[in-house]
Amino acid sequence: MKQILIVDDEQQMLDLIALYLSPLGYHCKKINSAIDALLYLESNPVDLILLDLMMPDMNGWEACIEIKKYWETPIIMLTARTDKKDVVKGLNTGADDYISKPFDGEELVARIEAVLRRKGNRSELIEFDGLVLDQESFDLQYQTKNIPLTPKEFALMKLFLQNLNKVFTRDHLIHSIWGHGVETEDRTIDSHIRNLRDKLRKAGFPSEEYLLTVWGVGYKWIGKVSD
């Protein structure tokens, strides 16, 4: 069952969208605040987010930017604004699609299914020089040998392999892996990186050649990016 997060400050709109989607097998989580949505995402994976544009405290543009910093979850903007500049701004902040209010239920479902299809076409396997990371089963193998990882280590490994050659600050890693509002010291990150390197090395993978420390900044995984 696909998990849909609906974020809108109007309860009537939340209920209406859930009424469209629930009979089709979607599980809908209704939240009326972008800030509360960010907190929810820290511990609850979702398949797609329907995000209202005009909300108090934090608008849809701001929320989209924050979400895309830390998660790859597809976002469809819901907006009563039809100005082309607003639409372009939403897409430029990272939204995957948009739909204007009021909208037809069938159109909404069609857009959701199209975005989910695009997401579903991405391979669940990430491969790198003998390493195979399975995002569905949460397994990591090197040359068919399983490497047992904790959830945090797996999340770090996935982040590195999806972002080759990108330098991550310790602060970014804390927010990405542990979430907003969690007080975690830099040495916690260092400890997890050290454990990850050790496990890779024991499996025969030369982790010291790829998982590098960028002194004074953080860490990066080096490798050739596929075209």
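The coordinates are above.
Worth saying up front: this structure is predicted, and the values here are computed from it rather than measured.

Rules behind the numbers
- Residues numbered from 1 in each chain as written.
- Predicted model: local features only at pLDDT ≥ 70, side-chain atom pairs only at ≥ 80, totals over all residues.
- Heavy atoms only, no water.
- Salt bridge = Lys/Arg side-chain N within 4 Å of Asp/Glu carboxyl O.
- Helix = DSSP H or I, 4+ residues; strand = E, 2+ residues; numbered from the N terminus.
- Buried < 20%, exposed > 50% of the residue type's maximum accessible area, 1.4 Å probe, protein only.
- Core = buried A, V, L, I, M, F, W, Y, C linked by side-chain atoms within 4.5 Å.
- Pairing = 2+ DSSP bridges.
- Contact = heavy atoms within 4.5 Å.
- Axes fitted to C-alpha atoms, helices over the stretch in contact; angles between N-to-C directions.
- Phe/Tyr/Trp six-rings, centres within 6.5 Å; stacked < 30°, edge-to-face > 60°.
- Lys NZ or Arg CZ within 6 Å of the ring centre and 35° of its normal.

K.L.:
For the pattern of salt bridges, give the residues involved together with the corresponding values.
P.N.:
Should their charged atoms come close, side chains of opposite charge can pair. Tallying each qualifying case throughout the model produces eleven salt bridges. Put simply, Lys68 and Asp96 hold a salt bridge, and the shortest N to O gap is 3.2 Å. Of the two residues, Lys68 is situated in helix H3 (residues 60–70) and Asp96 in the loop between helix H4 (84–92) and strand S5 (97–100); the sequence distance between them amounts to 28 residues. Between Glu107 and Arg111 there is a salt bridge, with the nearest N and O atoms lying 3.1 Å from each other. Here Glu107 pairs with Arg111, and both are found in helix H5 (residues 105–120), just four residues apart, close to one helical turn. Owing to a relative accessible area of 34%, Glu107 belongs among the partly exposed residues under this scheme.

K.L.:
How would you summarise the nonpolar core if you had to cite specific residues and measurements?
P.N.:
Counting 29 residues, the largest nonpolar core has Leu131, Met157, Phe160, Leu200 and Trp221 as its most contacted members. Elements supplying a minimum of two residues to this core: strand S6 (125–128), strand S7 (131–134), strand S8 (139–142), helix H6 (151–162), helix H7 (170–178), helix H8 (186–202) and strand S12 (218–221). With six residues, H6 is the single largest residue contributor to this core. Core analysis: the next-biggest nonpolar cluster, separate from the first, contains 23 residues, Ala37, Leu41, Leu53 and Cys64 among them.

K.L.:
Account for the sheet that holds S7, with residues named and values stated.
P.N.:
What the four strands build is an open sheet, ordered S6-S7-S8-S9; its pairing is antiparallel. Of all strands in the sheet, those bounded by a partner on one side alone are S6 and strand S9 (145–146). This element, H6, spans S6, S7 and S8 of the sheet and lies at about 115° to S7.

K.L.:
A description of the packing of aromatic side chains should follow, citing residues and the corresponding values.
P.N.:
As enumerated under the stated definition, the model contains ten aromatic pairs in all. Seen from their ring centres, Phe128 and Trp221 are 5.7 Å apart, and the 80° between their planes marks the pair as edge-to-face. Remark: Trp221 occurs in strand S12 and Phe128 occurs in strand S6; sequence separation between them is 93 residues. Across the pair, Trp221 and Phe128 agree in class, each one buried. An angle of 50° between the planes, with centres 5.1 Å apart, marks the rings of Phe138 and Phe154 as tilted. Of this pair, Phe138 sits in the loop between S7 and S8 while Phe154 sits in helix H6; the two residues are 16 residues apart in sequence, bridging distant segments of the chain. In textbook terms, an aromatic cluster arises when at least three aromatic residues are bridged by ring pairs, as seen for Phe128, Tyr142, Phe205, Tyr210 and Trp221. Over the aromatic face of Tyr98 sits the side chain of Arg111, whose NZ or CZ is 5.9 Å from the ring centroid.

That is the geometry; function is a separate question.
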